[in-house]
Amino acid sequence: MSVETARAFGPSGVERRAEPRTPTNIPARLFYGAKYEGWIDCVIKDRSAKGAKIQAPAVFQLSRKLVLLDYRAGEAFLAQPRWRKNDLAGLWLEVRHDLRELQDPSLEPVRQAWLALAPGLVSAPDGGEG
């Protein structure tokens, strides 16, 4: 059992996390900056309703406010980092935005990246299987 797994379970072996996590290996991108002009590619390693564990180069300093783009789901999440260990980081996912029906114009750069790159990473962004 890994140290991380041991921390997720208490001494009794009962899950301590509020929400179950689903293992994934989804290509993603983190956006940061006033107009989300900065970005770095990452991989979503696991997800829950309100959190994600991502893998991104350790040399990248995580901003306090990020947008996580999930190419497969066509979703963008306003996110905050909660922990960091080497190339792994835990993010708290605050607000979900469906990029197919985007209501927030400030996220248009994120939507444009999804439209341009998703077809090469997963099936077409029209909802096809990935």
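Keep in mind it's a predicted model, so treat the numbers as computed, not measured. Numbers given to residues run from 1 along each chain, matching the order in which its sequence is written. With pLDDT at 70 or above as the cut-off, local features in this predicted model cover only qualifying residues; side-chain atom pairs require 80 or more to be listed or tallied, and sums for whole chains, interfaces and linings still use all residues. With hydrogens and water excluded, all non-hydrogen atoms of the structure serve as input to the side-chain values.

## Regarding the overall build of the chain
Moving on, step 1. Each helix is a run of H or I in the DSSP string that is no shorter than four residues. Each strand is a run of E no shorter than two, and both are numbered from the N terminus. A count of helical and extended segments in the chain gives two helices and six strands.
Moving on, step 2. For the chain, the α and β elements follow one another from N to C terminus as α-β-β-β-β-β-β-α.
Moving on, step 3. Burial status follows relative accessibility: with a 1.4 Å probe on protein chains alone, a residue under 20% of its type maximum counts as buried, one over 50% as exposed, and anything between as partly exposed. For the chain, the proportion of its 130 residues judged to be buried stands at 37%.
Moving on, step 4. Excluding contacts between residues fewer than 6 apart, the proportion of contacts in the chain whose partners are at least 24 apart in sequence is 49%.
Moving on, step 5. Surface accessibility follows the Shrake-Rupley procedure with a 1.4 Å probe radius. Residue values consider only the protein chains on display as shielding. Accessible surface for the chain amounts to roughly 7,700 Å². Of this, 53% is attributable to carbon and sulfur atoms. Pairs of residues are marked as contacts when any of their non-hydrogen atoms sit within 4.5 Å.

## Thoughts on the pattern of salt bridges
Moving on, step 1. Criterion for a salt bridge: a side-chain nitrogen of Lys or Arg within 4 Å of a carboxyl oxygen of Asp or Glu. As enumerated under the stated definition, the model contains eight salt bridges in all.
Moving on, step 2. A salt bridge links D98 to R96; its shortest N-O distance comes to 3.9 Å.
Moving on, step 3. When the shortest N-O distance is used, the salt bridge between R100 and D98 registers 3.6 Å.
Moving on, step 4. Judged by its relative accessible area of 37%, R100 falls in the partly exposed class.
Moving on, step 5. Because the salt bridges share partners, they merge into one network encompassing E75, R96, D98 and R100.

## Side note on the environment of D41
Moving on, step 1. Looking at where D41 falls in the secondary structure, it is placed in strand β2 (residues 38-47).
Moving on, step 2. Here the alpha-carbon distance between D41 and F31, two residues 10 residues apart in the chain, equals 8.8 Å.
Moving on, step 3. Beyond its immediate stretch of four places on either side in the chain, D41 contacts A28, R29, A56, P57 and Y71.
Moving on, step 4. Under the rule applied, a polar contact is a pair of N or O atoms within 3.5 Å (in protein, one hydrogen donor and one hydrogen acceptor; residues adjacent in sequence only if both atoms are side-chain atoms). Among the polar contacts listed, one links the side chain of D41 to the side chain of R29, at a separation of 2.7 Å.

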